[in-house]
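Take a look at the letters that make up each chain.
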Amino acid sequence: MAQSAMPTATGSVAPITPISLKTLTPWAVFTGILLLVLLYFIGAEQGATAVFEGETIHEWLHDGRHLLGFPCH
């Protein structure tokens, strides 16, 4: 029952298979859309461009807005 945690030199190593662009594209698009939505809510969700009424979203993201350098006052 003594097994080593270190791989041996004689053991087989599984080859690393590259991720195809076809597999990666939907995830890249999804991530890009999420980042754009997040950027909108942090940077522009107030005033004339507001999607939601009131300042609830603005207040939730207020400190993050200042941390990222967006002016809001």
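Look up a bit, the structure's there.
Per-chain numbering applies: the sequence of each chain, read as written, is numbered from 1 onward. Local features in a predicted model are, by the rule used here, given only for residues with pLDDT of at least 70; side-chain atom pairs are given and counted only at 80 or more, and totals for whole chains, interfaces and linings are based on all residues. Calculation of side-chain values draws on the structure's entire complement of heavy atoms; hydrogens and water are dropped beforehand.

A. Geometry of the overall build of the protein. Tallying secondary structure elements over the protein gives three helices and zero strands in all. Reading the helices (α) and strands (β) of the protein from amino to carboxyl end gives α-α-α. With a 1.4 Å probe rolled over the protein chains alone, any residue whose accessible area is under 20% of its type maximum counts as buried; one over 50% counts as exposed, and the rest are partly exposed. Counting the 73 residues in the protein, one finds 10% classified as buried. When contacts within the protein are restricted to residue pairs at least 6 apart in sequence, long-range pairs at least 24 apart make up 21% of them. The accessible surface values rely on the Shrake-Rupley method and a 1.4 Å probe; as for residues, cover is taken only from the protein chains in view. Just so you have it, the protein exposes about 6700 Å², and 70% of that area is on carbon and sulfur atoms. Helix and strand definitions here come from DSSP, where helices need a minimum of 4 consecutive H or I residues and strands a minimum of 2 consecutive E residues; each element is numbered from the N-terminal end. Contacts were defined at the residue level, with two residues in contact if any of their heavy atoms lie within 4.5 Å.

B. View of a nonpolar patch on the surface. Like-charged residues are merged into a patch within 9 Å and nonpolar side chains (Val, Leu, Ile, Met, Phe, Trp, Tyr) within 5 Å, provided each residue has over 30% relative accessible area and no salt bridge. Salt bridges are identified by distance alone: a Lys or Arg side-chain nitrogen within 4 Å of an Asp or Glu carboxyl oxygen. Where nonpolar side chains cluster on the molecular surface, the patch consists of Ile 19, Leu 21, Leu 24, Trp 27, Phe 30 and Leu 34 and spans about 710 Å² of accessible area. Counting through the fold element by element, Leu 24 comes out in helix H1 (residues 21-43).

C. Geometry of the side chain of Arg 65. Relative to the elements of secondary structure, Arg 65 occurs in helix H3 (residues 62-67). Residue classification places Arg 65 among the buried positions, given a relative accessible area of 1%. Once residues lying within four places of it in the same chain are set aside, the contact partners of Arg 65 are Phe 41, Ile 42, Gly 43, Ala 44, Glu 45, Gln 46, His 58, Phe 70, Pro 71 and Cys 72.

That's the geometry; what it means functionally is another story.
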